[in-house]
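Fold and contact review
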Amino acid sequence: MNRIFLLLAGVSLIVSCSKKDDEVNKPADQALPGKWTMVNQFRTYNQGGVIQKDTVSYAAESNYWTFDANAGKIYQVKNAFLDTVAYKLIDDNKKIVTSLDDKFIFGLDTLTIQTLSDRQLKLTGHYTSPYTLDVVYSFGK
């Protein structure tokens, strides 16, 4: 009887552990490459001395970024317009620096990785031109 009880307890323990519990988050340099679909942007900005907040949501597949680690590029599709920027990871893979050129001289932006899992990516950015703007970008796979 004890053996049956132990067998049932062992089986229920194995069955109760889901795959999600066993997933180990990969480092950013391994988890980031691939296609990420932009879900929304939450923006906070100062307009005429008044703090404004808004959320921009996107239709499925209308905006996405494809991170190519080998080329060091992000291939972006924004409402059917194509763009490519160079990128690199800094600060122990916690931030992404993007640039208009491969030498990282022009058009630099720094995005902080807030969340990165197999299916979710959340980045934050702070911009000062043409006005102060804080953005939270949410992506899914």
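Residues numbered from 1 in each chain as written. Predicted model: local features only at pLDDT ≥ 70, side-chain atom pairs only at ≥ 80, totals over all residues. Heavy atoms only, no water.

With that settled, the discussion passes to the overall build of the protein chain. Across its full length, the protein chain holds three helices and nine strands. When the helices and strands of the protein chain are read in sequence order from the N terminus, they spell out α-α-α-β-β-β-β-β-β-β-β-β. Out of the 141 residues belonging to the protein chain, those deemed buried represent 28%. Of the roughly 9,600 Å² that the protein chain leaves accessible, carbon and sulfur atoms contribute 55%. (Helix = DSSP H or I, 4+ residues; strand = E, 2+ residues; numbered from the N terminus. Buried < 20%, exposed > 50% of the residue type's maximum accessible area, 1.4 Å probe, protein only. Areas by Shrake-Rupley, 256 points an atom, 1.4 Å probe, with all protein chains shown as cover.)

The final tally for this structure, using the stated rule, is four salt bridges. Among the ionic pairs, Asp-54 bridges to Arg-43, the shortest N-O distance being 2.9 Å. Linking Asp-54 in strand 2 (residues 50-57) with Arg-43 in strand 1 (residues 34-47), this pair joins segments that are eleven residues apart in sequence. Under the relative-accessibility criterion, Arg-43 is labelled partly exposed at 27%. Between Asp-102 and Lys-73 there is a salt bridge, with the nearest N and O atoms lying 2.4 Å from each other. With Asp-102 in the loop between strand 6 (95-99) and strand 7 (109-116) and Lys-73 in strand 4 (residues 73-78), the pair connects residues that are 29 residues apart, well separated along the chain. (Salt bridge = Lys/Arg side-chain N within 4 Å of Asp/Glu carboxyl O.)

Residue position: Tyr-87 is located in strand 5 (residues 81-90). Owing to a relative accessible area of 8%, Tyr-87 belongs among the buried residues under this scheme. Between the alpha carbons of Tyr-87 and Ile-74 there is a distance of 6.7 Å; along the sequence they are 13 residues apart. Leaving out residues up to four positions away in the same chain, Tyr-87 has contacts with Leu-32, Phe-67, Asp-68, Ala-69, Gly-72, Lys-73, Ile-74, Ile-96, Val-97, Thr-98 and Phe-104. (Contact = heavy atoms within 4.5 Å.)

Once that is clear, we can look at unusual backbone geometry. Positive phi, close to 65°, is recorded for Glu-61, a residue that is not glycine. With respect to the helices and strands, Glu-61 occurs in the loop between strand 2 and strand 3 (63-68). You can call Glu-61 partly exposed: its relative accessible area is 44%. Of note, the phi angle at Phe-104 is positive, near 60°, even though the residue is not glycine.

Nothing here speaks to function; it is geometry throughout.
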